[in-house]
Each structure stands twice: as C-alpha cells, then as structure tokens.
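Breakdown of the fold
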Amino acid sequence: TPDYGEKRLPQALIIGVKKGGTRALLEAIRAHPDVRAVGTEPHFFDRNYEKGLEWYRNVMPKTLDGQITMEKTPSYFVTNEAPRRIHSMAKDTKLIVVVRNPVTRAISDYTQTLSKKPEIPTFEVLAFKNRTLGLIDASWSAIRIGIYALHLENWLQYFPLSQILFVSGERLITDPAGEMAKVQDFLGLKRIVTEKHFYFNKTKGFPCLKKPEDSSAPRCLGKSKGRTHPKIDPDVIHRLRKFYKPFNVMFYQMTGQDFQWEQEESDK
C-alpha cells in the first residue's frame, strides 16, 4: 500500500523516445509488484531541474525496500544536458529507450501535433527545407528526434552501453511479453509480467494490458494512442527513408542491435 515506505530518487528512467511506445512500456512495467512509477512525466532533467533533487524526490511514489522507483520523460533522450544531470544524480541509473522506425515515428509525432493544432502546414511542407532539391529539414523536431545515433553519442559520454536498454517499439506491439522479459531482466526483476498480462485489441490494433487477477476491465491506452495517420505522399516517405538509412545503420552499429527498419520497408 502507498502509505508505507519512503520516497526515493528513481533507479531507472525511461528516457525516450517520444511517440516510440513509452506510455505502453510504462503501463506494462507498472503491472510488476516490485516497480513503483510516476504516471505523469516529471520533466525534471529538462524543464524543472532548477527545482532541485528534493522536489524531484517528492514527486516519486513511496517504495518499500527491494522495490524500484521509475519515471518516464521521453524528451530526456534529446535534451543535451540530461545525460550529465542524470549522471550527477546517480551514475548507476539504468536507462531505457524505446525506439521505433524513425519515419513512422515522425509521422506519429506530426499526427499528435496536428490533433492539437489543426492549422499547421502539411507534413510534406514541414519535412523539407527545399522540396525540389529534396532537402530534408533536420532541424524540425519531428525529424530530428529520429536521428537516434546523434542523440545516443551524447549519452555514451556519460553512461556505458550496459546501462542502457533499447526496446523495440514495433516488438512492443507484436510481442509485448518478449520485450517485457528483456526489460524485467535488465532491471533485475523476476519475470512476472508475461503473455497472460496482454490481450490483442482489434479496434486499437495493439495489445492492451489485462488487470491482474482479472479484477476489472482491461487497461487500454487512451484515445490519444493509435490515432489514424494522415496520408503522406509516398515520394516523401521514400526520401525520408533514404535520409534516415545511414543514421539507422550507425545506430545499429553503436547498439549492437539491428531493429530491421530497412527490411520492414522492403517487405512493403
């Protein structure tokens, strides 16, 4: 029960990426009895740092000995100061990054913004510096976030690869239990969250979490998840794939993991 225990600074953080599947991962790992996590994003290491570590600790849920305190703020991954700040809090902090195909991620990011600001220009307009020359605008955040290799370099100056787990956003949908097994192993937890925690929701098109002991209705992510993406000109998608490919290859080399985003494309 929440009344016992004490508030501690988190030992593990989900640091990214936006529109990668961080909410799904957080909800799934919170089903583990040894994990306590904040539901809202504290944004401590990017927006609220000047409030100090005591403020941050206070935001955390109470934990008992042996429980892990966690939070997720996907913008940390692309915040220059975040690795240094987290390292100075605790250099053994475990970091989890959920990544997905950067092209799909960019479109999902745009879709989210569009739902809040319907007046923004089209994806095609925002994606290019010069459409005729096919120059991608890498300064647009929807595109910049997906240059994972670039951001990872910043983290590797402070943390060894062994302290960072990369979760596939795609596999979180196709094989949630398999990805959750890796997450639990990485956090040093017993594998308690397994296939029996998930069921596939046909309307949403992705897995939902069953409540433990089937006590009540299953938990599906809210309306803001699984929005229908706008139709994007295939030529733009093609150019974006070409743009990301060298960065993806570099990212695979840096992490020692092949996320198969290129294969996915050739299947289509």
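Residues numbered from 1 in each chain as written. Predicted model: local features only at pLDDT ≥ 70, side-chain atom pairs only at ≥ 80, totals over all residues. Heavy atoms only, no water.

The condition that has to hold: UniProt positions are given in the numbering used here, feature names are shortened, and annotations may be inferred rather than shown by experiment.
An unreviewed UniProt entry lists the protein under the name Sulfotransferase, with Pachyramphus minor as the source organism. Reading the Sequence similarities (unreviewed entry) entry of the UniProt record for the protein gives the comment "Belongs to the sulfotransferase 1 family."

**Examining the nonpolar core**
Heads up, the condition is: In this text, buried Ala, Val, Leu, Ile, Met, Phe, Trp, Tyr and Cys residues form a nonpolar core when linked through side-chain atoms within 4.5 Å. Per-residue accessibility, obtained with a 1.4 Å probe over protein chains only, is compared with the maximum for each type, and a residue is labelled buried under 20%, exposed over 50%, and partly exposed between these values. Only DSSP runs of H or I with at least four residues qualify as helices, and only runs of E with at least two residues qualify as strands; both kinds are numbered from the N terminus onward. Note on contacts: a residue pair is in contact if any heavy atoms of the two residues lie within 4.5 Å.
With 31 residues, the main nonpolar core has Ile86, Trp155 and Phe251 as its most contacted residues. Elements with a contribution of two residues or more to this core: β2 (12-16), α3 (82-89), β6 (94-99), α7 (148-156), β9 (164-168) and α10 (234-255). It is α7 that contributes the most residues to this core, four residues altogether. Dropping the residues within four chain positions of it, Phe251 is found in contact with Val99, Tyr148, Ala149, Leu152, Phe166, Phe259 and Trp261. Counting residues in each nonpolar core, the second largest holds 23 residues, with Leu26, Ile96, Val183 and Leu189 among its members.

**Thoughts on the packing of helix α4 (residues 102-116) against α10**
In a packed pair of helices, the relevant descriptors are the angle between the two axes and the axis-to-axis distance. Our working definition: Axis definition: a line fitted to C-alpha atoms, over the contacting stretch in the case of helices. Angles run 0 to 180 degrees between N-to-C directions. Any angle that is under 35 degrees is reported as roughly parallel, and any over 145 degrees as roughly antiparallel; angles of 65 to 115 degrees are reported as roughly perpendicular and all others as oblique.
With their axes 9 Å apart at the nearest point, α4 and α10 run at an angle of 125° to one another. Overall, the two elements α4 and α10 adopt an arrangement that is oblique. Every residue of α10 that contacts α4 at Pro102, Val103, Ala106 and Ile107 is listed here: Ile237, Leu240, Arg241, Tyr244 and Asn248.

**Looking at the pattern of salt bridges**
Stated formally: A pairing counts as a salt bridge when a side-chain nitrogen of Lys or Arg comes within 4 Å of a carboxyl oxygen of Asp or Glu.
All told, the structure shown has 14 salt bridges when counted by the stated rule. Linking Arg23 and Glu27 is a salt bridge whose minimum nitrogen-to-oxygen distance equals 3.0 Å. Of this pair, Arg23 and Glu27 both sit in helix α1 (residues 22-29), four residues apart, which is roughly one turn of the helix. The buried category is assigned to Glu27, whose relative accessible area is 14%.

**Here we look at the environment of Ala37**
Along the chain, the position of Ala37 falls in strand β3 (residues 35-37). On the basis of relative accessible area, Ala37 is assigned to the buried category, the value being 10%. Separated by 31 residues in sequence, Ala37 and Ile68 have C-alpha atoms that sit 8.2 Å apart. Setting aside its immediate chain neighbours within four residues, Ala37 contacts Leu26, Arg30, Pro61 and Met70.

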